[in-house]
Every structure is written in structure tokens, then in C-alpha cells.
Amino acid sequence: MESDLISNLPDEILGKILSLVPTKVAASTSVLSKRWRNLLGLIDSLCFDESMVVVYPNEEEEAAASGSHSFFDFVDKTFALLSKSPIIKKLSLSHIPTRGRDDDYSRVNRWIWTTLERGLSELHLHATPRCHGVNISRELFTSHTLVKLTLSGEYFLEVNRVFLPALKSMSLLSNWLDGPNYGRLLDGCPVLEDLLITETHHWALPCCASYVESASLRRLVIIATLSHTEDTDVFLKAPSLVFLDYSGYATNVYDFVDLDMLVEARLNLMLWDSSVYDKHDDDDVYYYDSDNNCYYDAGRPEGISADITGLVAGISNITTLHLSPQSLELFYLCCESIPVFNNLLTLSIESGKAQGWQAMPLLLESCPNLHTLVIKGLVHRVTNRCGDACPCSPYGHKNKKRRTVKDEEEFCCLSTCQVKVLEISEYGGSFQELKQMRHFLEKLECLETVKVCVDADENNTDGEFLRANLLSLPRLSSKCNIVFI
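Residues numbered from 1 in each chain as written. Predicted model: local features only at pLDDT ≥ 70, side-chain atom pairs only at ≥ 80, totals over all residues. Heavy atoms only, no water.

Before going further, it helps to examine the overall build of the protein. Of regular secondary structure, the protein possesses 13 helices and 22 strands. Taking all 485 residues of the protein together, 48% fall into the buried category. In the protein, 66% of the contacts between residues at least 6 apart in sequence involve partners at least 24 apart. Accessible area of the protein: about 23100 Å², with a carbon and sulfur share of 51%. (Helix = DSSP H or I, 4+ residues; strand = E, 2+ residues; numbered from the N terminus. Buried < 20%, exposed > 50% of the residue type's maximum accessible area, 1.4 Å probe, protein only. Contact = heavy atoms within 4.5 Å. Areas by Shrake-Rupley, 256 points an atom, 1.4 Å probe, with all protein chains shown as cover.)

In C-alpha cells, the structure reads:
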């Protein structure tokens, strides 16, 4: 029988191929033929998952007698086969920590340090949460080759000193790091460029997400949904930072400094107690006028302790800003003053039926050089504080004083807006949406391009009808061209 084409490839090529698949799969190829039996020692990328355990060839009888080999036995045997391998580039380890198994943890540490001594460039560690934790204990945590590091689940460090001079990307995903060890880890990465932090355990105290200081960091993503963080101070100092993606519950102190290089920011801010601004039937918060289909509010409701003023001021040099529906509303509810965004060229917002556009007038007025306005969904809660950003705002209410001429001027924003490109996605063609589009086209005098993504099937006649309605709308700008994407 002739051998297959793959088996005729050189050992080095086969080793590279095996390095691209999970180690369990690579180990299973040793039963194919004698040609494949010793190739496992050539792989330079290891991926171990406790849900994938393999029994090596010629050991079936032993396994039957003593029970299947454990995950740790499998990993130990694999490392034994790789004892003569000079280089291991990647180690990915995922397992379930067990209480009282100190020997298992010592083996985990041994695997980690073995790979680090062999030129490891990527290390990804995950321990499934079981409230036991996996401790990486070392007097000195160092590697001159490690470029990527992931600590996930219940992995945590306990080190006296960290020195990772080549590390550029680090992910800390809901792990058990404490403040001192986190500080030593961050300080020991002098060329770190990409940092991802998630803190989502409801019982955990804020740590990594509340303090980031790095001179080299260029990209930062923070996802923090911890319990009771409204009194947590958040500090960020990153003079080289270019991109920030921040998602979490709003707190009352933000100290964002030295962010002059920041170009793009994505904010997904939330309030812990949304009821303080979502009580539609409470006259102390909102008045509802069924004739005008509008909610009236008397300003920022009492009971909100969050203050995002420091955050907003810290990112005022950006050129691109993305806001979630709640973030947009929190710019109104929790920001004492909005700074001038002189460099902002692109503003992207998402709308939600439960959130209003109260911040839109002041936000647009604070962006004198805005070029592109991107809106995902036009349907939003209509309030009396949307100003002329929304056509649905009425001019009075039986329980409120009528707005004066001065009030009208303060609420104007579209007539002075310099936006040249308007992008609308998820356009459904409802009466409110069509009215909003007409309002934009009649108010934005500098518009040159309007891009609309109609939320309908391309072959649907309703989609054609929606497009025809939009094309028939009057436009203030003679240069305005509507295109569908």
C-alpha cells in the first residue's frame, strides 16, 4: 500500500502541521502508523484542555486496569516526550482546579517554567472558576521571550518581582489578582502595548480595572461589571494610549490624565440603579404628555452619585468617539460639564427606546469640527431636552414654564453643526424615524453624503418603499447625496 502524500512530507513540516491543532489531536496521530509515532516531539505549540484527554498507544491495558489517565498525567507524558525539544513557542492550558490537590498545582508551575525556559512567546492560562484558585508562585517571574500572556478564571500571581521585557500583549480575564501583585505585574512590562482587563465576578472587589498606569500602553480594553463599585476611584495614566474601550458601571471619581495621544474611545457606561431615571410615572423625575408623546424632565434627578466628568474631560483630545445608548444619556445625567472636543471628527452613537437624546444638543455644540455623525437606530425616548436634535420635542407643558427665546437658542445645535457625512444604520422606516430623517436633512446645511442602511431584505418591496420615501425628502444642502448601503 502506497503511503499518503502528507506522510511523505519532511518531519519538520509535519511538526509544524501538528503544532496547529490541539495537542490531544496531535497525540492521537501517533496511532496512525510508525511514520507518525515519534512526530509529537517536533511540535512547538501546546494546547491542553482538561475536557480533552487521550491515552497513549500501547497503554490501553494499563489504563483499563488502573482507570483512564488523568489530565495531569497526560500533560506530564507529553512534556516527557518533548524533553529534547529545544523550543516551545506557545502553551495554552485550561483545566479545573481541585481543592486539596497541591501536587497538581506544583506540576502546573513546573510546566509553566519549563516552557518559559525554552523560549516561550505565548502563554495562555485558564482555570475554570470553582473558588479554589491556582497560584503561580515565584520569587522572580521573568522571561526575555514572552510576548503574549493571558491569565483567565482563577489563575493568580504571587511574585516578589516581575520582569517581562518583551511582553506586548496581556489579558487579565476575571482572575484573582490582588493589588500588590497586579502592580508588580504591570510595572514589570516596560514595552506593553495591548491590555485587556475583565472583572465580572459579582462577589469580587475591583482591582485591575480601577488602576492602569503604563508609559508604553497603546490599546486598552476594560470590561468591569463588579458589584457595588459606585464609590470606586478609577485612575488611568497612559501617555502613549491610542485606543480605549471602557465598559462598566459609572462611579463617582475618574482621574484620567496624560491621554494626549488618545485617538479613539468607546464607552459603554451604565448606572447600578437605573430606577432613579427610569420612573416614568414619578412626577419628581418625568412628566408624560400623551398629546405630544413626550417625557418631560426637570433636569438631573436626585439620587445619582455617579460623576463621569473626569472621564469625559480626560478623553477630550480624541478624534473618534463611540457611545452606547446609556453612555449617551449619562453624558447628560452624570456629567457636570462637557468640554470642547476640538479634534473630534467622528461621533458614533447607539439609540435605545429606553434612553433619550438629552445630551445631544450640548454634545454636538461641543464638537465644532465634527465631520461624520454615525447613528445606530433612530428610535429613542423622546424628552423635552433633546433640543433641535430631535423634531419631536414640544415647546411647553402644563406643569412647566414655556421656554423663552433664550432657551430656544440654548437648545439649537443642528443649525450650526458642520457635519458633512451622516450614517444611519438599522433604519426601519417608522413614522418617528422618517420624521427624524426629514429633520436632519432640513437642518444640516453642510451635509454632502447621507449613508443609510435600511433594515429590510434587499428583495423586499417594503425596502424599496422606504428608500423611495427617503429620496423624496427635502434637503437644505444642495450638495447632499443619499446612498444606501
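Adjacent strands of a sheet form backbone hydrogen bonds with each other and so pair up, either parallel or antiparallel. With parallel pairing, the three strands of this open sheet are ordered in space as β9-β11-β13. Each of the sheet's edge strands pairs with one partner strand only, and the pair in question is β9 (211–213) and β13 (253–257). Neighbour-to-neighbour, the strand axes of this sheet turn through a mean angle of 10°, independent of strand direction. (Pairing = 2+ DSSP bridges. Axes fitted to C-alpha atoms, helices over the stretch in contact; angles between N-to-C directions.)

Of all the nine residues making up helix α9 (residues 325–333), eight are buried; the element is thus mostly covered by neighbouring parts of the structure. Buried within α9 we find Pro-325, Ser-327, Leu-328, Glu-329, Leu-330, Phe-331, Tyr-332 and Leu-333.

Let's shift gears to helix α12 (residues 431–443). Between its terminal C-alpha atoms α12 stretches 18 Å, which fits the 18 Å expected from 13 residues at 1.5 Å a residue. Within the span of α12, buried status applies to Glu-433, Gln-436, Met-437, His-439, Phe-440 and Leu-441. (Expected span 1.5 Å × (residues − 1).)

On to the pairing of β13. Here β13 shows one buried face, formed by Tyr-254 and Phe-256, and one open face, formed by Val-253, Asp-255 and Val-257. Taken together, the five bridges between strand β11 (residues 233–237) and β13 define a ladder with parallel strand orientation. Paired with Lys-237 across the two strands is Val-257, which belongs to β13.

Tracing the backbone shows Asp-260 in the loop between β13 and β14 (264–270). Residues Asp-260 and Ile-315 lie 55 residues apart in sequence; the distance between their C-alpha atoms is 8.0 Å. Only 3.2 Å separates the side chain of Asp-260 from the side chain of Asn-317, close enough to count as a polar contact. (Polar contact = N/O pair within 3.5 Å; in protein donor to acceptor, adjacent residues only side chain to side chain.)

As for its placement among the helices and strands, Lys-237 is situated in strand β11. Residues in contact with Lys-237, not counting those within four places in the same chain, are Val-212, Glu-213, Ser-214, Val-257 and Asp-258.

With that settled, the discussion passes to the side chain of Ser-214. Take Ser-214: it is sitting in the loop between β9 and β10 (219–224). A polar contact of 3.2 Å, which involves the side chain of Ser-214, links it to the backbone nitrogen of Leu-217. Once residues within four sequence positions are removed from consideration, Ser-214 is found in contact with Leu-192, Lys-237, Ala-238 and Pro-239.

With that out of the way, let us pick up the pattern of salt bridges. Taken as a whole and judged by the stated rule, the model has 11 salt bridges. As a salt-bridge pair, Asp-194 and Arg-219 come within 4.0 Å of each other at their nearest N and O atoms. Here Asp-194 is found in strand β8 (residues 194–199), whereas its partner Arg-219 is found in strand β10, with 25 residues between them in sequence. Between Glu-464 and Arg-467 there is a salt bridge; the shortest N-O distance is 3.6 Å. Of this pair, Glu-464 and Arg-467 are both found in helix α13 (residues 461–471), three residues apart, which corresponds to roughly one turn of the helix. (Salt bridge = Lys/Arg side-chain N within 4 Å of Asp/Glu carboxyl O.)

Tracing the sequence through the fold places Ser-247 in strand β12 (residues 243–249). A polar side-chain atom of Ser-247 sits 3.1 Å from a polar atom in the side chain of Asn-268. Once residues within four sequence positions are removed from consideration, Ser-247 is found in contact with Ile-222, Ile-223, Ala-224, Asn-268 and Met-270.

Let's shift gears to the packing of aromatic side chains. Within the structure shown, the criterion is met by 11 aromatic pairs. By way of ring pairs, the aromatic residues Phe-48, Phe-71, Phe-72, Phe-74, Phe-79 and Trp-111 are connected into one cluster. Directly above the aromatic system of Phe-484 lies the positively charged group of Arg-467, at a separation of 5.8 Å from the ring centroid. (Phe/Tyr/Trp six-rings, centres within 6.5 Å; stacked < 30°, edge-to-face > 60°. Lys NZ or Arg CZ within 6 Å of the ring centre and 35° of its normal.)

The phi dihedral of Asp-258 falls on the positive side, at around 55°, and the residue is not glycine. Note that Asp-258 resides in the loop between β13 and β14. Phi at Glu-426 takes a positive value of approximately 55°, unusual for a residue other than glycine. When you line up the elements, Glu-426 lands in strand β20 (residues 421–427).

It is worth spelling out the confidence of the model for the protein at this point. When pLDDT is low, close inspection of the predicted coordinates is not appropriate. Confidence in the prediction of the protein, expressed as mean pLDDT, is 81, and 72% of residues score 70 or more. A low-confidence stretch, residues 277–292 stays under pLDDT 50, and its non-local contacts, those more than four residues away or across chains, total 41 contacts. (pLDDT = per-residue confidence, 0-100.)

A cluster of nonpolar side chains, namely Leu-9, Ile-13 and Ile-17, defines an oily patch on the protein surface of about 210 Å² accessible area. Counting through the fold element by element, Ile-17 comes out in helix α1 (residues 11–19). The exposure class of Ile-17 is partly exposed, given its relative accessible area of 36%. (Patch = residues over 30% accessible without salt bridge, like charges linked within 9 Å, V, L, I, M, F, W, Y side chains within 5 Å.)

So, on to the environment of Arg-438. If you trace the backbone, Arg-438 turns up in helix α12. Using a relative accessible area of 37% as the deciding quantity, one classes Arg-438 as partly exposed. Distance from Arg-438 to Leu-476, taken between C-alpha atoms, is 10.0 Å for residues 38 residues apart in sequence. Contacts of Arg-438, omitting those with residues within four sequence positions, involve Leu-473 and Pro-474.

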